[in-house]
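An overview of the molecular structure
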Amino acid sequence: MPASTLNSAVNRKSPDFEKNTRRIIDLLTQIKNEEQKIREGGGAKAIESQHKKGRLTARERIETLIDPGSSFFELGLYAAFEMYEEWGGAPSAGTVTGLATVCGRTFMVIANDATVKAGAFFPMTAKKVIRAQNVAIENRVPVIYLVDSAGIFLPLQEDVFPDTDDFGRVFRNNAVMSAMGIPQLTAVMGMCVAGGAYLPVMTDHVLMTEGSGLFLAGPALVQAAIGQKTSAEDLGGAKMHAQISGTVDFREPDDDACLKRIRALVDKMGNAPAPIFSKTASRDPLFPADEIYGIFSSDPAKQYDMREIIARIVDASEFEEYRAEYGETVLCGYARIGAWAVGIVANQKKHVQTQARGSDQKRVEFGGVIYTEAAEKSARFILDCNQNKIPLIFLHDVNGFMVGKDAEWSGIIRAGAKMVNAVSNSVVPKISVICGGSFGAGHYAMCGKAYDPRFVFAWPTARYAVMSGDSAAGTLVEIKLKQLERSGKQLSDEERKELFESTKGTYDEQTDPRYGAARLWIDKIIDPVETRDAIVQALEAAALNPDVPEFKVGVLQT
């Protein structure tokens, strides 16, 4: 049978199209400006200080390391955004992480930014490095560490040191990756002290530049602890480690030479295993990606057709829709993105007129809501994709599962549990893109962060919470009013409105994708136009892991 090519009915001149476009462009402009500021790290003076030491900044090192003409796919840029302000902030958590191409091969690069508090580890720094390592572990991506760090940020040591997602997990991951056969190379290009000194030595190759320091305790601490006076160079300089301790494999005069040596080592590495997922020749979508700006509406009262979004992401705009006439508030289907075969699960934001289950009566199903039939269809589709080793893409714009007597009688809890079970136990790569709302249990069923997606991307229009700001504010205000009434207090209409707006403002701030990205719930905030490219980058990384475990679901509600 011929492939099913999606049609488009977009009117670029409609008022809604223009309004939607303006809103997203305004959001993108704000985010691009913020990103530029974050990339400045500790600022001009700190960058100048790094250069005076004869060292490149973290971003300059990465730019020199990666293949000419390639781009750095940065992850976690917003980490620690608007956090630690009492300590002067920690832009991007003082470290740079992302996927890069080195000698034609995909690597995870983890680089300390010494312009931010000398590269010290804040709590979110440790979590960001661990997240990057977990991406490498899940996808079998080799890692390059560019170390330039003063170690743990001591005023916050209790939040950096002891827990399972704290500093020590970094070294545990080094050992686990080594045992798994995931290549790791480390270049010490500045300070590497205290517990952090274990990181390079637990990787496959250790390089070190002149003027750098690698030691468990610096000269001052050594003198305080055992009364021994020594210089940093004698204690843990590159020459000492190359000639006496034998800790480093390559001693390099400067950053440029060190980065060239890394590339030379990468050039000799064996090939990655062949991918097991289907890949053919890539074909562009039939429709311009920038039309997504006008199609998508973040207004809860507005509808749009998610098929129009899919048509601008998938190869040749071809989408083999699964059970197209059943459970229509969730779209499921097969496609290719950048040549890779994928299964797509997407919330449909158009209201749907359908026939009530077990009745000849018509009913309207609201877009963005998961009904019983949609949950059952999605669960079965996810099972099929696992059976056939097809990676899954989830496009979120979900208010949650349907509620009410009709929904409960139809078995919505049972159907929802079936969908959550399928997502939980899915063994093929999963990639989530949060386009609009991602609320409540709908977030879980659509493969939220807790369900091990390989990557989580978000548009600037994303909203990420238990429920929408209006719903949450209304609920919280009602609770507050009842508390006040019990104590004999009454609020005027104006005071009620002020309380509602204040509560809603706080809640809306916490649902903003930047809030989630600051806490690493989101790997990357992406321009909607770049959705296809981001998914392709994620699929390329996921394909490096050829091992797909046996798929089991345990007790499945029927």
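Every chain begins its residue count from 1, and numbering advances along the sequence as written. Two thresholds apply to this predicted model, a pLDDT of at least 70 for residue-level local features and 80 or more for giving and counting side-chain atom pairs, whereas whole-chain, interface and lining totals are computed over all residues. Hydrogen atoms and water are omitted, and side-chain values are computed over all heavy atoms in the structure.

**Some points on a nonpolar patch on the surface**
A patch consists of residues exposed above 30% relative accessible area that lack any salt bridge, with like charges linked at up to 9 Å and nonpolar side chains (Val, Leu, Ile, Met, Phe, Trp, Tyr) linked at up to 5 Å. Surface accessibility in these figures is a Shrake-Rupley result with a 1.4 Å probe; residues are shielded only by whichever protein chains are displayed. Any carboxyl oxygen of Asp or Glu within 4 Å of a side-chain nitrogen of Lys or Arg constitutes a salt bridge here. On the surface, Y198, M202 and L216 cluster together to form a nonpolar patch covering roughly 300 Å² of accessible area. With respect to the helices, strands and loops of the structure, M202 is situated in the loop between α6 (198-201) and β6 (205-209). A run of H or I in DSSP counts as a helix once it spans at least four residues, and a run of E counts as a strand once it spans at least two, with each numbered from the N terminus.

**Observations concerning the environment of E35**
Relative to the elements of secondary structure, E35 occurs in helix α1 (residues 15-38). Exposure remark for E35: the relative accessible area of 9% places this residue in the buried category. Any two residues having at least one pair of non-hydrogen atoms within 4.5 Å are treated as being in contact. Excluding anything up to four places from it in sequence, E35 contacts L77, Y78 and I525. Burial classes: relative accessible area under 20% of the type maximum marks a residue as buried, over 50% as exposed, and values in between as partly exposed (1.4 Å probe, protein chains only).

**Focus on the pattern of salt bridges**
Where charged atoms from two side chains of opposite charge come close, those side chains can pair. All chains considered together, the criterion is met by 30 salt bridges. For K302, the salt bridge goes to D16, with nearest N and O atoms at 3.8 Å. Linking K302 in the loop between α11 (292-295) and α12 (306-310) with D16 in helix α1, this pair joins segments that are 286 residues apart in sequence. On the basis of relative accessibility, which here comes to 40%, the residue D16 falls in the partly exposed class. When the shortest N-O distance is used, the salt bridge between D165 and K127 registers 3.8 Å. Linking D165 in the loop between β4 (143-149) and α5 (167-180) with K127 in helix α4 (residues 123-139), this pair joins segments that are 38 residues apart in sequence. What emerges from the salt-bridge pattern is a single network uniting R12, D290, E291, E308 and R312.

**Examining a negative patch on the surface**
Where like charges cluster on the molecular surface, the negative patch consists of E82, E85, E86 and E509. Tracing the backbone through its elements, the reader meets E85 in the loop between β1 (73-75) and β2 (95-102). Classification of E85 as exposed rests on a relative accessible area of 55%. Positive: Lys, Arg. Negative: Asp, Glu. His and the chain ends are not part of the count. Charge placement uses NZ in Lys and CZ in Arg. For Asp and Glu, CG and CD serve respectively.

**With respect to the state of the cysteines**
Pairs of cysteine sulfur atoms within 2.5 Å are identified as disulfides in what follows. A complete count under the given rule lists zero disulfides for this structure. C447 provides the cysteine sulfur closest to C435, a residue in no disulfide bond, and the two sulfurs are 14 Å apart. By relative accessible area, which is 1% here, C435 ends up buried.

**A short note on helix α9 (residues 238-245)**
Within the span of α9, buried status applies to A238, M240 and H241. Along its buried surface, α9 packs onto β6, β7 (213-215), α8 (232-236) and β8 (250-252). Where α9 terminates, the next one or two residues include G246, which has phi positive at roughly 70°.

**Description of the nonpolar core**
In this structure, M108, I310, I344 and F457 are the most contacted members of the largest nonpolar core, which totals 75 residues. Tallying contributions element by element places α4 first for this core, with seven residues. In contact with M108, other than residues within four places in its own chain, are L75, G98, L99, A132, V135, A136, V141, P142, V143 and I144. Think of a nonpolar core as a cluster: buried Ala, Val, Leu, Ile, Met, Phe, Trp, Tyr and Cys residues, connected wherever their side-chain atoms sit within 4.5 Å.

**Brief notes about unusual backbone geometry**
Phi is positive for E82, which is not a glycine, with a value near 60°. Mapping E82 onto the fold places it in the loop between β1 and β2. For E82, a relative accessible area of 54% gives the class exposed. A positive phi angle is found at R323, which is not glycine, with a value near 50°. Take R323: it is sitting in the loop between β9 (320-321) and β10 (330-337). Residue classification places R323 among the partly exposed positions, given a relative accessible area of 38%.

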